[in-house]
Amino acid sequence: MGKGQAVFRTYTTLGRCLSALPEPVALGLGNVVGDVLYRVRHEHRAMVSANLQRVLGADGDDARVVDRWARRSFRAYARYWVEGARLPGTGSNEVVQHFFVDGLHHLRDGMARGNGVILALPHIGSWEYGGAFLATQDLPMTSVAERIEPPELFDYFVEQRAAMGLTIVPLDKHSGSTILSALRAGKLVGLLCDRDIEGTGIEVDFFGERTTMPAGPATLALRTGATLCTGAVYSGPGSDHRALVEPPLDTTRGSSLRADVARLTQEIATRLEGLIRRAPEQWHVFQPLWIADRPPVEKAA
């Protein structure tokens, strides 16, 4: 059995085991795993701490404060994976029972206009749980996700999410046209946009420092007339999930497409700041995000 197959079988086996455990036990186990990762993943811990320092502002100058938040961040990330493993076995009634959302009418109003809706999201909490909830409200969401190794594990994720009403499009050269087609068909599209994975984004100010963010949400909204909203899904308290959908951004065309994309991307970045500040420990970004932290080759690109 190859390494990829071993990883696939290990994850699916763990997923079945976590689904069989009582939820409090599974979440408690996630906390233990998070604490272990916090202690042994020194490089990731340093990166998480550097990212949190920007979010916390003045409080980030206190190393002890940052350290406490970093430990919570590892616990929250472990919870994300535990919930993701259990979600396929969670019934729609249970999803609805444990989900509370403010601002859902912004999505419904946007869908009623007929040009589709783009929901710009940060890597906060469990956006997939939000996707499962939206499917129960006749608002099935299409989203883009990075491919993970091994390929069979990514295919497994796609199939599991499809069973919950969430369509996952792999991030590749075809994903843009697929999302464009979904919007032209009047669908809801959720785009995680706080990381510039491809390195071709728009430069913005984010927590007082320069970085880049994907131009996709703004460009697609301007080209299709889709409603553009921001939002986030937070895990907790307990087994509950709480979501916030913010009012649509102003996508009125101005002087040029380039200028409008830059303006809207900065507005998205500013809104994401507020959403992240609500629960900094649930922001799952373990990579260099700001330009100052990126490797020299990436900075040059």
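Note that the coordinates shown come from a computational prediction; the quantities given were computed from them, not determined experimentally.

As for the sheet that holds strand E8 (residues 227–235)
- Spatially, seven strands are ordered E1-E9-E8-E2-E5-E3-E4 in an open sheet, and the strand pairing comes out mixed. Each edge of the open sheet is held by one strand with a lone partner, namely strand E1 (99–102) and strand E4 (167–170). For this sheet, the mean angle separating the axes of adjacent strands, direction not counted, is 25 degrees.
- Here strand E2 (residues 117–121) pairs with strand E5 (residues 188–192) via five bridges, running parallel. Paired with Ala120 across the strands is Leu191, a residue of E5.

Brief notes about helix H3 (residues 42–56)
- Its 15 residues give H3 an end-to-end C-alpha distance of 20 Å, which sits within 8% of 21 Å, the value for a rise of 1.5 Å per residue.
- Considering only its buried residues, H3 is in contact with helix H4 (63–86), strand E7 (209–213) and helix H11 (257–277).
- Phi for Gly57, located one or two positions after H3, is positive at around 65 degrees.

Quick notes on the layout of surface pockets
- When its volume is computed, the second largest pocket comes out at roughly 240 Å³.
- If you go around the second largest pocket, you meet 16 residues; those closest to its centre are Asn31, Arg72, Arg75, Ala76 and Arg79.
- Counting only elements with at least two residues in the lining of the second largest pocket, the list comes to helix H2 (23–40) and H4.
- Looking at the lining of the second largest pocket element by element, the count peaks at seven residues for H4.
- Per-class residue counts for the lining of the second largest pocket are three nonpolar, seven polar and six charged.

Some remarks on unusual backbone geometry
- The omega angle of the peptide bond from Gly236 to Pro237 is 0 degrees, so this bond is cis rather than trans.
- Within the secondary structure, Pro237 sits in the loop between E8 and strand E9 (241–245).
- Phi is positive for Asp138, which is not a glycine, with a value near 60 degrees.
- Within the fold, Asp138 resides in the loop between helix H7 (127–136) and strand E3 (141–145).
- The class of Asp138 is exposed, set by a relative accessible area of 69%.
- Unusually for a residue other than glycine, Phe207 sits at a positive phi of about 55 degrees.
- Positionally, Phe207 belongs in the loop between strand E6 (202–206) and E7.

Quick word on the environment of Arg263
- Note on placement: Arg263 falls in helix H11.
- It is 8.7 Å that separates the C-alpha atoms of Arg263 and Ala218, two residues lying 45 residues apart in sequence.
- Discounting residues that sit within four places of it in the chain, Arg263 has contacts with Asp250 and Thr252.
- Here Asp250 takes part through its backbone oxygen, which lies 3.1 Å from a polar atom of the side chain of Arg263.

Brief notes about a nonpolar patch on the surface
- A contiguous nonpolar surface patch, about 520 Å² in accessible area, is contributed by Leu21, Val25, Leu29, Val32, Val33, Val36 and Val40.
- Looking at the element boundaries, Val36 is found in helix H2.

Re the packing of H3 against H4
- Across the interface, H3 lies against H4 with an axial gap of 9 Å and an inter-helix angle of 115 degrees. Handedness of the crossing formed by H3 with H4: right-handed. Along the contact surface, H3 presents His44, Arg45, Val48, Ser49, Leu52 and Leu56, while H4 presents Val65, Val66, Trp69, Ala70, Ser73 and Phe74.
- A class-by-class count of the residues in the contact of H3 with H4 yields eight nonpolar, three polar and one charged.

Looking at the nonpolar core
- In this structure, Ile118, Phe206 and Trp283 are the most contacted members of the largest nonpolar core, which totals 38 residues.
- Listing elements by their share of this core, those giving two or more residues are E2, helix H9 (175–184), E5, E6, helix H10 (216–224), E8 and H11.
- By residue number, the principal contributor to this core is H11, which donates seven residues.
- Among all residues touching Phe206, those that are not within four sequence positions of it are Thr211, Met213, Ala269, Leu272, Glu273, Ile276, Trp283, Leu289 and Trp290.
- Grouped together as the second largest cluster of nonpolar side chains are 26 residues, Leu87, Phe99, Leu104 and Ile168 included.

Quick notes on the rules
- Residues numbered from 1 in each chain as written.
- Predicted model: local features only at pLDDT ≥ 70, side-chain atom pairs only at ≥ 80, totals over all residues.
- Heavy atoms only, no water.
- Pairing = 2+ DSSP bridges.
- Helix = DSSP H or I, 4+ residues; strand = E, 2+ residues; numbered from the N terminus.
- Axes fitted to C-alpha atoms, helices over the stretch in contact; angles between N-to-C directions.
- Expected span 1.5 Å × (residues − 1).
- Contact = heavy atoms within 4.5 Å.
- 1 Å grid on protein atoms, 1.4 Å probe; cavity = no way out; pocket = protein on both sides within 12 Å on 5 of 7 lines; lining within 4 Å.
- Points joined across faces, edges and corners; volume = space filled by probe spheres on them.
- Nonpolar A, V, L, I, M, F, W, Y, C, P; charged D, E, K, R; others polar.
- Buried < 20%, exposed > 50% of the residue type's maximum accessible area, 1.4 Å probe, protein only.
- Polar contact = N/O pair within 3.5 Å; in protein donor to acceptor, adjacent residues only side chain to side chain.
- Patch = residues over 30% accessible without salt bridge, like charges linked within 9 Å, V, L, I, M, F, W, Y side chains within 5 Å.
- Areas by Shrake-Rupley, 256 points an atom, 1.4 Å probe, with all protein chains shown as cover.
- Salt bridge = Lys/Arg side-chain N within 4 Å of Asp/Glu carboxyl O.
- Left-handed = near helix turned anticlockwise from the far one by under 90°.
- Core = buried A, V, L, I, M, F, W, Y, C linked by side-chain atoms within 4.5 Å.

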